[in-house]
Amino acid sequence: MPLTVILKGLAVWLGILVLAMANGVLRETVLLPWFGAPGALILSGVLLSALILAVAYASLPWLQLRQTWQRLAVGLGWLVLTLMFEFSFGLWQSKSRAELLMPYTFKDGNLWPLVLAVTVLAPSIAARLKARQ
């Protein structure tokens, strides 16, 4: 894969990261007080998944991912970057292994595994949506 595609994919992921952080702030400050933990986690997960799909859709022409394997490679790259960020940030906060793995259990409405699946598939889903136009 050309270096320009890798760098563009990284730039798009950084945008997704900013949106994910804003989503977390929204969840903690607005959604949790209004809906409680399960409702806030569900709404936050759905919102973040939609944001990731929207970013993938908007950036697809710029990324110029013409082949299926390229879209999957970028999606997998986004997943790896996300996991690296999540675990590094968690370790920096001195979280235990159990605390780091808790979001992967769907407990209390947590949709994090679904968000990760959307992250991997977002470029491919975006390409299918664009093809329908």
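Predicted model, so just to flag it, every value in this text is computed and none were measured.

**Examining the nonpolar core**
So, point 1. Judged by nonpolar contacts, the single largest core of 23 residues is most densely connected at Val12, Ile16, Ile52, Leu65 and Trp78.
So, point 2. Listing elements by their share of this core, those giving two or more residues are helix 1 (3-63), helix 2 (68-92) and helix 4 (112-131).
So, point 3. Among the elements that line this core, the one with the most residues is helix 1, at 11 residues.
So, point 4. Excluding residues within four positions of it along the chain, tryptophan 78 makes contact with Gly9, Val12, Trp13, Ile16, Ala56, Leu63, Thr119, Ala122 and Pro123.

**Details of helix 1**
Along an α-helix, residues three or four apart share an orientation, since each turn contains 3.6 residues.
So, point 1. With 61 residues, helix 1 extends only 11 Å from end C-alpha to end C-alpha; this falls clearly short of the ideal 90 Å at 1.5 Å per step.
So, point 2. Of all the bends in helix 1, the greatest reaches close to 130 degrees and is centred on glycine 36; the proline proline 38 follows between one and four positions later.
So, point 3. Positioned one or two residues after helix 1, glutamine 64 has a phi angle of 55 degrees, which is positive.

**Quick word on the environment of phenylalanine 89**
So, point 1. With respect to the secondary-structure elements, phenylalanine 89 resides in helix 2.
So, point 2. Considered as a pair, phenylalanine 89 and tryptophan 78 are 11 residues apart in the sequence and their alpha carbons are 16 Å apart.

**What about the packing of helix 1 against helix 2?**
So, point 1. Helix 2 packs onto helix 1 with a crossing angle of 50 degrees between their chain directions and a minimal axis gap of 12 Å. Between helix 1 and helix 2, the interaxial angle falls into the category oblique. For the pair helix 1 and helix 2, the contacting residues are Val5, Gly9, Leu10, Val12, Trp13, Ile16, Leu17, Met21, Ala56 and Leu63 in the first and Val74, Trp78, Leu81, Thr82 and Phe85 in the second.
So, point 2. Of the residues assigned to the contact of helix 1 with helix 2, the class counts are 13 nonpolar, two polar and no charged.

**Details of the confidence of the model for the chain**
So, point 1. Here the chain shows a mean pLDDT of 95. Residues at 70 or above account for 100%.
So, point 2. By mean pLDDT, helix 3 (residues 97-101) is the weakest element of the chain at 91, and helix 1 is the strongest at 97.

**Here's the deal with the packing of helix 2 against helix 4**
So, point 1. Contact geometry for helix 2 and helix 4: axes closest at 8 Å, N-to-C directions at 155 degrees. Between helix 2 and helix 4, the interaxial angle falls into the category roughly antiparallel. The handedness of the crossing between helix 2 and helix 4 is right-handed. Of the residues in helix 4, those in contact with Arg71, Leu72, Val74, Gly75, Leu76, Trp78, Leu79, Thr82, Leu83 and Glu86 of helix 2 are Trp112, Leu116, Thr119, Val120, Leu121, Ala122, Pro123, Ser124 and Ala127.
So, point 2. Partitioned by chemical class, the residues of the contact of helix 2 with helix 4 number 13 nonpolar, four polar and two charged.

**Quick word on the environment of leucine 100**
So, point 1. Its location among the elements puts leucine 100 in helix 3.
So, point 2. Taking the C-alpha atoms as reference points, leucine 100 and phenylalanine 87, 13 residues apart in sequence, are found 6.8 Å from one another.
So, point 3. Excluding anything up to four places from it in sequence, leucine 100 contacts Glu86, Phe87, Gly90, Leu91 and Lys95.

**Overview of the packing of aromatic side chains**
So, point 1. All told, the structure shown has four aromatic pairs when counted by the stated rule.
So, point 2. Judged by centre distance (5.9 Å) and plane angle (10 degrees), the ring pair of phenylalanine 87 and tyrosine 104 falls under stacked. Here phenylalanine 87, found in helix 2, pairs with tyrosine 104, found in the loop between helix 3 and helix 4; they are 17 residues apart in sequence, far enough to count as distant.
So, point 3. You can call tyrosine 104 partly exposed: its relative accessible area is 27%.
So, point 4. A ring pair is formed by phenylalanine 89 and tryptophan 92, whose centres lie 5.6 Å apart and whose planes are at 35 degrees; its orientation type is tilted. Of this pair, phenylalanine 89 and tryptophan 92 both sit in helix 2, three residues apart, which is roughly one turn of that helix.
So, point 5. Overall, tryptophan 92 belongs to the exposed group, its relative accessible area being 66%.
So, point 6. Three or more aromatic residues joined by ring pairs make a cluster, and in this case those are Phe85, Phe89 and Trp92.
So, point 7. A cation over a ring is seen here: lysine 130 above tyrosine 57, with NZ or CZ 3.9 Å from the ring centre.

What counts as what
Residues numbered from 1 in each chain as written. Predicted model: local features only at pLDDT ≥ 70, side-chain atom pairs only at ≥ 80, totals over all residues. Heavy atoms only, no water. Core = buried A, V, L, I, M, F, W, Y, C linked by side-chain atoms within 4.5 Å. Buried < 20%, exposed > 50% of the residue type's maximum accessible area, 1.4 Å probe, protein only. Helix = DSSP H or I, 4+ residues; strand = E, 2+ residues; numbered from the N terminus. Contact = heavy atoms within 4.5 Å. Expected span 1.5 Å × (residues − 1). Bend = angle between axes of the 7 residues up to and from the residue. Axes fitted to C-alpha atoms, helices over the stretch in contact; angles between N-to-C directions. Parallel < 35°, antiparallel > 145°, perpendicular 65-115°, else oblique. Nonpolar A, V, L, I, M, F, W, Y, C, P; charged D, E, K, R; others polar. pLDDT = per-residue confidence, 0-100. Left-handed = near helix turned anticlockwise from the far one by under 90°. Phe/Tyr/Trp six-rings, centres within 6.5 Å; stacked < 30°, edge-to-face > 60°. Lys NZ or Arg CZ within 6 Å of the ring centre and 35° of its normal.

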